[in-house]
Structures are given as C-alpha cells and as structure tokens.
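# Fold and contact review
Chain by chain, the residues:
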Amino acid sequence: MNLRAPTYVAEQVRHWLRTHTYHHTRFADVRRLVELKEKFDEKISLCLPTLNEEATIGKEILLLRTELMQRHPLLDEIVVIDSGSSDRTCEIAAEFGAHVWRSDDVLPSHGTYRGKGENLWKALFVCSGGIVVFVDADIRNIRPSFVYGLVGPLLEDPSVEYVKAFYDRPLEIRPGERGVGGGRVTELVVRPMLSLWVPELTALVQPLSGEYAARRSVLERLAFPVGYGVEIAHLLDVYHRGSLNSFAQVDLDVRIHRNQSLDALGRMSFGILQTMLRRLQQYGYIESKLEWHGVLHQCRRHDEGCVLVDTPWDEPERPPMIEVPEYRRRVGASSRDASTP
Amino acid sequence: MRFLEAIESLDSIRSQAASLRDRLLSHAVCLGETAAATGQESERAHLLAQIWSDAGLEHVEVDDFANVIALWPGEGGGSPIVISVPLDTLEIPESEREIQVYPDCLVGPFVGDNCVALAVVGYVPWLMTALGVQLRANLVLVASSRSLGAGNQAGLRAVFQRIPWRPSAVYCIETVQLGRLNYRAVGLVRGSIRCQIPPDYDWARYGASGTIEAVAEVITGLVQIPVPQRPLTSIVLSSIHGGVAFGTVASETELEVEIRSESAAELERIRAAVAGIVESVAASSGKRLEWSIAARQHPGALDAGHPLVAQARRVLEALGQPIMVYPTTAQLAVVFEHQLPGVTLGLTRAERRVDMGEVREKLEIAPLWDGMTQLVLNMIGADEMAVA
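Residues numbered from 1 in each chain as written. Chains lettered and ligands numbered in written order. Predicted model: local features only at pLDDT ≥ 70, side-chain atom pairs only at ≥ 80, totals over all residues. Heavy atoms only, no water.

## Some details on the overall build of chain B
Inclusion rule: What counts as a helix is a DSSP run of H or I of at least four residues, what counts as a strand is a run of E of at least two, and both are numbered from the N terminus. For this measure, only C-alpha atoms enter the radius of gyration; the expected value for a globule follows 2.2 Å times N^0.38, where N is the number of residues. We call a residue buried when its accessible area falls under 20% of the maximum for its residue type, exposed when it is over 50%, and partly exposed in between, using a 1.4 Å probe and counting protein chains only.
When helices and strands are counted, chain B shows twelve helices and 17 strands. For 388 residues, the compact-globule formula gives about 21 Å, and the C-alpha radius of gyration of chain B, at 23 Å, lands near that figure. Dimensions of chain B, computed from C-alpha atoms along their principal axes, come out at roughly 80 × 45 × 40 Å. Residues counted as buried form 55% of the 388 residues belonging to chain B.

Shown next, in the form of structure tokens:
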C-alpha cells in the first residue's frame, strides 16, 4: 500500500480538526437535539458495560436518566451489560431504572468471552436504538454532557458515523496543567503506531476513550475484538470503510476515574497491539504475514529477586452483528444485508 | 388541605415526596459536586437558580452576595414565610468531590451539609401543588451565602436587611439530623490570636523563644477563664498552626478560638478576658500578639411554648420521629437578631465515620420523605398562623 505524503496528511488532519472537533457546550441545548431526533425519527440507546462498578453506576444512571430521559427525552433506553460483577452493580443499576443484562445470558449459543469488547457486542444485540452511545461505568464525575455531547454531531450531520470523546484526566496530570492528549497506552503505543502507518487517525485526541456514539448501521457491520482492542479496531475499520470525515470528536472537559496499574496497562497494550497488527495486515499496510507469541511476559521484583509472570493474552473477535442469525431475525434483515459492504 | 387534614394524610404526602427521589438525588449530587467555598458560591448559586426555576419557582434571582432567592406566590393574605438553607460548604479539591449514589444512601464529602437540603426545599412547592395545597401567604426560599466560619452569615444578614416586608416565620433547614428542633441560638464570637516575632526581636537574649511558647501561655490563660454551666457557655480552641521543624524557631503561630454562650453578657465578659490575656502575654514576652474577631452572633431564643415550636414538635411526634432539642450556632441566631420568629429543622440522618475519612459522610435516603413531609406540614400550619 502506498503511504500518503506527510504534507497531504497534515493538511487533511488540520482541516478535519477545524471542521469535526467540537466542545460539548455546542450541543448543550438538549431540546434542540430532541427536536432533531424526532425529525429524523431516531431512537437512541445508552449502553454501559460493567464489571464491579457499584461505586459509580448508581450516579451514572441516576443523572443520565433524570436529565436525558425524564427531563428531555433524548435517550430511549439505558442498558447495562454486566460481565459477572461480584458486587451490587446489577442490583443498583436495576434500582435506578436501567435494563440490566448479564453477558452470559445474551446470545448464549455463541458462548461467552470475558472482556469489554464482548460486552459491547452483546449490548448491540440487546439495545434497539439507531444511534448507540457507549459510556464507561467507572466515571466519577459523570454529567449529561458526556452523552449529549457525543450524540450531537450524529444528529446534526448525517455524514458523521462515529463520534469519539476526549477530555482531561486530572489524576494523570499535575494541577494547572492540560493533558497532552491520551493516556499512557495511547501516547506510548497507539499514537506511535498510527503515526507510522495511518497518520490521519492521529487527529483523534483519545482514540481509546471509552465514550463514543455511532450509528447502528455502522456498528452492526464491524467485528468486535472481545477485549481491549475493540476501540482501535473500530477506528481502523470505520476509517477504511469511509474516510476521516466519518468521524467527529467532542471535548468533554474533564473525566475523573480510577487509574489502572502499570501491569494492567501492559496487558491492555498487548491486546491492542495484536488487534492493530491484524488490521494493518488486513488493510495491506504490512505486506508480510506476521506471526507472534500470544503470551505477555512481565517481570516482577520480589525480595528474593525477579519473577517472570506469563499471561496468555489473545484477542479473539466477534463477527459483525449483521452476520449473526439471531440478530438478523430480530431486525428483519436478510442474509443479503450481511454481505452488503 | 388544612393542617389538621394534612396531619391525617402523612402516608400520601410521604409517597408523593418519595416519587421525587430521582430528581432530588440528581440535583443534590450536581450541587454537592459543584464548589461553593464560603465567599465563592457563585457557580453553585447559578446552578441552584436553574434547579429552582425548573421546579416551578418564580422570580428566581442570584443577588450580589450570591444568595439565591425565589418566590412561590400565595393566594393573598398573611405575611410571607421564609425557608432558608445555607449555600456554602467547606472547600474540597475537584478530584475529591465525588458523591456515590446507592439505593439507600449517598456517600460523599460533606454530603449532609447541605446540597440535599438545597435540592429538597426547591421541590416543597411542587409537592404541595401535587397535593392540592395552596398557601395564602407568599413562600420565599433563600439559599444564603457566606454562612460558615468567618463568613459570619453575611448572606442571610444581607437578605434580611434588604427585604421591605417582615416574615411571619423563618424556617432554617439543615440536611441533618431529622428530628432536630432548634429554637435557641447560642451567641458566639469567633476570632484568631496571631503571634508574630517583631523585626527587632533580640534573639541573643537568654531564653529567647519562638511564638508557640507565647501562644501556649495564652492557652494556659484561656483554660483558666471561669465558664458557667448556666447559661450554657463554652470556649472552644478550634485550630492551631505554627512552626516548621526541629531546629527552627516558629516565627508565627495562629490559634483560632470560638466563644459560645446563651448569654450576651457572658460572651462579652469572656471576650474581654481573652483580650486581657493576649495583651498580658504580649507585654511579658516581647512578641507581637493580635486578637482579631472574624464573626459574631448574638444569642436568642423562642419560648418552648411558642406556636412555631409547638407546631414543629407536634409534626415530629405525628411522624414518629424522636425529637432532639439543643441550641444551635448557625442561621437561627441571625433570625433572632432581626427579632423574627424561627426554628431550625433537619431532613434526614447522616453519619461521619473514621473509616470513611475526615470529610466523607453517609446520608440515608429513606428518612428524607419524612423530612419533606415535615416541611409541608409546617408550611401549612405556619400559613394558617400567618393568616390568623
């Protein structure tokens, strides 16, 4: 594959940043968004993937449901997909009015993997909106802007298919600073990789952010890696199905959440790298066939010395939902729809 | 609905109040996570004004003090009734302001002080409308700024100085504790004693010392001031700051002191005694000592048999809530300063535990519906009294 000239890419990115990057306040008139939604006869679903989020899930559902379902009917449903919480996450979510599904109970004939991507794939099956919003459930400072900010570009511009969030994360930066962009995995793994092969996508400030909204017509045609690779896979797939203009990104100001350990970030990076390399081969950026060991080796120091900890880590992928017979039956799609590019 | 009918309809009022759960909790969380340090309440004030407007209140305004004032117009007749809630809270960094929401409780920094009360009182008129209650007197809601510490209740004082009418009753509302019935306000004098080493201090003099020793001498004097048990009086040493490390002499030390008393004469006697001790230590130590007063409140009280007190007690008894009577140091003193009748009531229960950290509180949700019912009943009763 021929790479594009750096100057062309830089100009394209600059133009996109001017035309497709917004601040959430642009969409703060939620009544106007509701009018747009009604005009397009659209339904909007909010999906929250959870695993032991009892400290934050109650507030997320309470605030979003009160403001964006009861006060302004922007959302039609809030769906929680839980991958086996051992705390009160499911009970609390149901108490505050969400539809709660256990991942194991959705499409049981397809089995279950453990991972965020698996939850999102199953959420797509159980929710019904033509626009689907995904928001992580560990946000400590949730506000309605996290949802209406993401929905706004999709309602305003029919050519936008996929909207990503970006924000400051004050736990990762010193007081008074603004963050440089993404988190550690983004800046140390994803951005360098994108810069090497798909520099157009470096325009996205936080390509791994867990808050995004997309049209069902796009999501149902995407494969879902079951783990951490789901976000980067979506970006590469949507980009190759359309263009940079298929995306928009929205500044949500500040997101406060718990920080992950370096060990956990290492596992995340390992999964993301596997997904990226697969996609880079698939789209012809890397021509030779790559093979790799699916085991992450992490060295840990103990009083007696160092120990090598091996973690087998594979990122299997779920097929596009439109190819799943149960889904096609549910939405009334024919098998021909599944092969439509 | 009249007071006697209302007191027979507790269950229906409670269930109407409970139907507001999600809206109230949502507003309380947003208010609680919005900064409102004393003197810097503007952001919370404007958010509250929006919430109160959405709740159907009229003429909602944020004044120059960042007080929020709103009106629920009556049918006509009687002097206005005022509900007042403190707006400010202690300063908390943004990343630590999180409030957690569970089906039975809220957990967060100072969640009992006072975001829940701010949200709840805004919906009391909505609740009364849903119950078919229309007051004849105007109901005026006030969220008062600068209520804490050196703020000296400046917001509420400004409101009372500004309004051209005289309220028939003032209800001071705190989030916790449900069952409190305060109708006595303790007077107080809050101030700080600052000790500094003057520039010309002779460090070579034998026995030369820093400022901590001088302040310790002041404390020795303070604890020897006679304090009567009746009228209820106390001297509280609130905080002390000074010094850096071993090997250095503290060049400045500050001691915060609060004098509380039900007697204005006792307050003045102790204030003068503190001033005398400070002056005496300054003279003997050669250090600069200054006693500056940051806040003053005068003591006051209603009779235990006052109709407002009797009515509030009757409502709590009807709700089956144990009644807690004790003097308060908060808004009520300003109410009495202006020769107005008033009581302080609480809305729910909360606890602060060592294992939750210094500032986090756990606030129960279920008792709130009794707390709101209590407010509705008191408003109906106060309205009947105002018209009579």
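## Some points on the environment of His-338 of chain B
All names here are of chain B. To be explicit about the condition: Throughout, a residue-residue contact means that at least one pair of heavy atoms, one from each residue, lies within 4.5 Å. Distance and chemistry together define a polar contact, namely a pair of N or O atoms within 3.5 Å, with one atom able to donate a hydrogen and the other to accept it when in protein, and with adjacent residues in sequence counting only for side-chain atoms on both sides.
Along the chain, the position of His-338 falls in the loop between α11 (332-337) and β15 (342-348). By relative accessible area, His-338 is classed as partly exposed at 21%. For the pair His-338 and Arg-166, spaced 172 residues apart in the sequence, the C-alpha separation amounts to 9.6 Å. Non-local contacts of His-338, meaning those with residues more than four positions away in its chain, are made with Arg-157, Phe-160, Gln-161 and Arg-166. At a separation of 3.0 Å, a polar atom in the side chain of His-338 contacts the main-chain carbonyl oxygen of Val-334.

## A look at the sheet that holds strand β11 (residues 233-242) of chain B
Residue and element names in this part refer to chain B. Note the cut-off: Strands are labelled as partners when DSSP assigns at least two bridges between them. Orientation is described by lines fitted to C-alpha atoms, with helices fitted over the stretch in contact, and by angles between N-to-C directions that extend from 0 to 180 degrees.
The strand order β11-β12-β10-β13 describes an open sheet built from four strands, whose pairing is antiparallel. Looking at which strands have only one partner, the edges of the open sheet turn out to be β11 and β13 (288-297). Neighbour-to-neighbour, the strand axes of the sheet open up by a mean angle of 15°, direction not taken into account. Sheet contacts for helix α8 (residues 211-222): β10 (187-196), β11, β12 (252-261) and β13; angle to β12, the most-contacted strand, approximately 15°.

## So, the sheet that holds strand β4 (residues 100-101) of chain B
All names here are of chain B. Across the sheet, four strands lie side by side as β4-β5-β17-β16; this open sheet has antiparallel pairing. The sheet terminates laterally at β4 and β16 (350-351), the two strands that pair on one side only. When β4 meets strand β5 (residues 105-109), the two strands line up antiparallel, connected through two bridges. Across the sheet, Val-101 pairs through a bridge with Leu-106, a residue of β5.

## A few points about the nonpolar core
Grouped burial of nonpolar side chains is what soluble globular proteins tend to show. Let me state the cut-off plainly: To qualify as a nonpolar core, a set must consist of buried Ala, Val, Leu, Ile, Met, Phe, Trp, Tyr and Cys residues joined through side-chain atoms within 4.5 Å.
Membership of the largest hydrophobic core comes to 143 residues, with the highest contact counts inside it found for Trp-52, Tyr-171 and Ile-173 of chain B. Broken down by element, this core gets its largest block of residues, nine residues, from helix α12 (residues 367-387) of chain B. Those residues within four positions of Tyr-171 of chain B in sequence are excluded, and the remaining contacts are Ile-81, Val-82, Ile-83, Ser-84, Leu-308, Gln-311, Val-343, Leu-345, Asn-378, Met-379 and Ala-382 of chain B. Among the nonpolar cores identified, the runner-up in size contains 54 residues, and Trp-121, Leu-201, Val-230 and Ile-272 of chain A belong to it.

## As for helix α7 (residues 154-162) of chain B
Inspection of α7 of chain B places Gly-155, Leu-156, Arg-157, Ala-158, Val-159 and Phe-160 of chain B among the buried residues, and these make up the whole buried set. If you follow the buried residues of α7 of chain B, they end up packed against β2 (68-72), β3 (81-86), β6 (139-144), β7 (169-176), β13 and α11 of chain B.

## Looking at unusual backbone geometry
Residue and element names in this part refer to chain B. Following Asp-113, the chain continues to Asn-114 via a peptide bond in cis, the omega torsion being 25°. For the peptide bond that leads from Val-176 to Gln-177, omega is -5°, which places it in the cis range. Notably, Ala-66 is not glycine yet its phi reads approximately 70°, a positive angle. Tracing the backbone shows Ala-66 in the loop between β1 (58-62) and β2. Ala-66 gets classed as buried once you look at its relative accessible area, which sits at 11%.

## Regarding the interface of chain B and chain A
The cut-off we apply is this: Here a salt bridge means any side-chain nitrogen of Lys or Arg lying within 4 Å of a carboxyl oxygen belonging to Asp or Glu. Under the scheme applied here, ten amino acids are nonpolar (Ala, Val, Leu, Ile, Met, Phe, Trp, Tyr, Cys and Pro), four are charged (Asp, Glu, Lys and Arg), and all others, including Gly, are polar.
On the side of chain A, 19 residues touch chain B, which itself brings 19 residues to the contact. When the shortest N-O distance is used, the salt bridge between Asp-22 of chain B and Arg-65 of chain A registers 3.1 Å. Counting the contacts that link chain B with chain A gives seven residue pairs in polar contact (both at pLDDT 80 or more). Listing elements by their share of the side of chain B that touches chain A, those giving two or more residues are α3 (21-32), α4 (42-54) and β4 of chain B. Among the elements that take part in the side of chain B that touches chain A, α3 of chain B stands out by supplying seven residues, more than any other. For the side of chain B that touches chain A, the residue count by class is seven nonpolar, four polar and eight charged.

## So, the confidence of the model for chain B
All names here are of chain B. Threshold: Each residue carries a pLDDT value, the predictor's own confidence for that position, ranging from 0 to 100.
Looking at chain B, pLDDT values average 92 and 96% of them are 70 or higher. The weakest mean pLDDT in chain B belongs to helix α1 (residues 3-7) at 89; the strongest belongs to β6 at 98. Two summary scores accompany this predicted model of the complex, namely pTM at 0.86 and ipTM at 0.82.

## A closer look at the pattern of salt bridges
Under the counting rule described, the total for this entry stands at 42 salt bridges over all chains. Between Arg-2 of chain B and Glu-384 of chain B there is a salt bridge, and its shortest N-O distance comes to 3.5 Å. One end of the pair, Arg-2 of chain B, is in the segment before α1; the other, Glu-384 of chain B, is in helix α12, and 382 residues separate them in sequence. Given a relative accessible area of 42%, Arg-2 of chain B falls into the partly exposed group. Here Glu-364 of chain B makes a salt bridge to Arg-349 of chain B, at a shortest N to O gap of 3.7 Å. Placement of the pair is Glu-364 of chain B in strand β17 (residues 360-364) and Arg-349 of chain B in the loop between β15 and β16, with a sequence separation of 15 residues. Accessibility expressed as a relative area gives 34% for Glu-364 of chain B, which makes it partly exposed. The network of salt bridges with shared partners includes Lys-116, Asp-136, Asp-138, Glu-211, Glu-231 and Arg-255 of chain A.

## Let's talk about the packing of helix α3 (residues 57-71) of chain A against α3 of chain B
In plain terms, the rule: Roughly parallel covers angles under 35 degrees, roughly antiparallel covers those over 145, roughly perpendicular covers 65 to 115, and oblique covers all other angles. Two helices crossing with the near one rotated counterclockwise from the far one by less than a right angle form a left-handed crossing, whereas a clockwise rotation gives a right-handed crossing.
Closest axis-to-axis distance for the α3 of chain A/α3 of chain B pair is 9 Å, and the angle between their directions is 115°. It follows that α3 of chain A is roughly perpendicular to α3 of chain B by the angle criterion. In this structure, α3 of chain A crosses over α3 of chain B, and the sense of that crossing is left-handed. Every residue of α3 of chain B that contacts α3 of chain A at Lys-59, Leu-62, Leu-63, Arg-65, Thr-66 and Gln-70 of chain A is listed here: Asp-22, Arg-23, Leu-25, Ser-26, Val-29 and Cys-30 of chain B.

## Here we look at the packing of aromatic side chains
Any pair of aromatic rings gets described here by the distance separating the centres and the angle formed by the planes. Residues and elements named next belong to chain A. Rules: Aromatic rings from Phe, Tyr and Trp, taking only the six-membered ring of Trp, are treated as a pair when their centres fall within 6.5 Å; an angle between ring planes under 30 degrees marks them as stacked, one over 60 as edge-to-face, and anything in between as tilted.
What the rule picks out here adds up to seven aromatic pairs over all chains. Seen in terms of ring centroids, Phe-125 and Tyr-327 are 6.5 Å apart; in terms of plane orientation they differ by 50°. Their pairing is tilted. Here Phe-125, found in helix α5 (residues 116-126), pairs with Tyr-327, found in helix α11 (residues 325-331); they are 202 residues apart in sequence, far enough to count as distant. Overall, Phe-125 belongs to the buried group, its relative accessible area being 15%. Summarising the aromatic geometry, the rings of Tyr-228 and Trp-313 are spaced 6.0 Å apart at their centres and angled 5° between planes, so their arrangement reads as stacked. A residue pair is termed long-range when its members are at least 10 positions apart, and Tyr-228 in the loop between β8 (224-225) and α9 (230-241) and Trp-313 in the loop between β11 (305-312) and β12 (317-318) qualify at 85 residues. Look at Tyr-228 and you get partly exposed, because its relative accessible area is 27%.

## Considering the packing of helix α7 (residues 184-197) of chain A against helix α10 (residues 262-282) of chain A
All names here are of chain A. At their nearest, the axes of α7 and α10 sit 9 Å apart, and the two run at 15° to each other. Taken together, α7 and α10 sit at an angle that is classed as roughly parallel. The two elements α7 and α10 meet at a crossing, and its hand is right-handed. Of the residues in α10, those touching α7 at Arg-184, Val-185, Val-189, Val-190, Met-193, Leu-194 and Trp-197 are Leu-262, Leu-265, Met-268, Ser-269, Ile-272, Leu-273, Met-276, Leu-277 and Leu-280. For the contact of α7 with α10, the residue count by class is 14 nonpolar, one polar and one charged.

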